[in-house]
Amino acid sequence: MNVKIAGHAGFCYGVKRAVDIAMNIEKNNGIRAYTLGPLIHNPQMVELLKKEGLMPVDDLEGCKGKKIMIRTHGTAPANIVKAKEYKCSIIDATCPYVKKAQKAAEKLYMEGYAVFIVGESDHPEIKGIVGFAKGNATVLKDENEVPLLEDIHRIGLVAQTTISENIFAKVTRKIVPEVKELRVFNTICSATKNRQISAVNLSNKVDVMIVAGGRNSANTTRLAELCSQACKKAYHVETSEEIDPEWFLKDDTVGVTAGASTPDWIVKEVVGKLIKI
Ligand code: F3S
């Protein structure tokens, strides 16, 4: 069996930066900081980080006066205001690319555009971006969700950083003939795009494709979808333990990719298991 790894795979700039920031926070009674939700969308890494004193919490109640870390996905301004009211010290690890999307939504709202965001409405990044448009934004999963735009003349469009370019382009194309003015901020991050391009390129050349990463990670799930469109046998696994030797034939070439929130050690374990098989 021959194993090939995608050119762009694993931790992106924003996730690596957040983990570095987190690990540099001084421990106090074993705790470095509390994070609003898991720091990154990878359950195995979050468990490891908990042992390192980074504790995910669902809300700010109970965190008065404590250190609060804002994760890569960012958060709505209302949470920052609340954290300040609670006298928390805030460590902001929002990815700079997510910040661009937040600022774009804020600017569009302030300039009177109807703000539309292409992405997943329940994703924390999107909830944060909607907050920057003061809650006045419409989230569209894809072009099929574009509503009737009869009374709307000026639309501002922003993308979730991890959304596929193809979906963003389809939404844009559908809106263009319907409105007098459309302002588009392409806030898709290049790390996402690069991972998607190299995953699809590799998927086209191999017999089996393995996508490693959290099932709760939007960008990993998207990678898995794209790989399964390009390769008949594509599997999404969180850890090497999920890999079943039955998936492979002796002479198969196997490709490996990993989402932007998948740590290197998981990728190494996956490759190690494949080599063993
Ligand atoms: Fe940031 Fe892009 Fe990663 S938005 S967190 S660099 S996938």
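The present account deals with the structure reproduced in this document. Keep in mind the model is a prediction, meaning the values are calculated, not measured.

## Observations concerning the site of the ligand
Thought 1: Taken together, Cys12, Gly14, Cys95, Tyr97, Thr161, Cys189 and Thr192 make up all the residues around the ligand.
Thought 2: In terms of residue class, the shell around the ligand is built from four nonpolar, three polar and no charged.

## Examining helix 4 (residues 96-110)
Thought 1: For helix 4, with 15 residues, the first-to-last C-alpha span of 21 Å sits near the 21 Å given by 1.5 Å per residue.
Thought 2: When we look at burial in helix 4, the residues that qualify are Val98, Ala101, Gln102, Ala104, Ala105 and Leu108. Along the axis of helix 4, the buried positions cluster into a sector of 160°, meaning they face one direction only. Along helix 4, exposed side chains directed more than 90 degrees from the buried face belong to Lys100, Lys103 and Met110.
Thought 3: Residues of helix 4 that are buried sit in contact with strand 6 (114-118), helix 5 (124-132), strand 8 (154-159) and strand 9 (181-185).
Thought 4: Trailing helix 4 by a residue or two, Gly112 shows a phi angle of about 90°, which is positive.

## Some words on the packing of helix 4 against helix 5
Thought 1: Two elements in contact, helix 4 and helix 5, have axes whose closest approach is 7 Å; the angle formed by their N-to-C orientations is 35°. Judged by the sense of rotation from one axis to the other, the crossing of helix 4 with helix 5 is right-handed. For the pair formed by helix 4 and helix 5, the contact residues are Val98, Ala101, Gln102, Ala105 and Glu106 on the first element and Glu125, Ile129 and Phe132 on the second.
Thought 2: Split by residue class, the contact of helix 4 with helix 5 holds five nonpolar, one polar and two charged.

Criteria and thresholds
Residues numbered from 1 in each chain as written. Predicted model: local features only at pLDDT ≥ 70, side-chain atom pairs only at ≥ 80, totals over all residues. Heavy atoms only, no water. Near = heavy atom within 4 Å. Nonpolar A, V, L, I, M, F, W, Y, C, P; charged D, E, K, R; others polar. Helix = DSSP H or I, 4+ residues; strand = E, 2+ residues; numbered from the N terminus. Expected span 1.5 Å × (residues − 1). Buried < 20%, exposed > 50% of the residue type's maximum accessible area, 1.4 Å probe, protein only. Arc of directions from axis to C-beta. Contact = heavy atoms within 4.5 Å. Axes fitted to C-alpha atoms, helices over the stretch in contact; angles between N-to-C directions. Left-handed = near helix turned anticlockwise from the far one by under 90°.

Everything listed is a geometric property; what it means functionally is a separate question.
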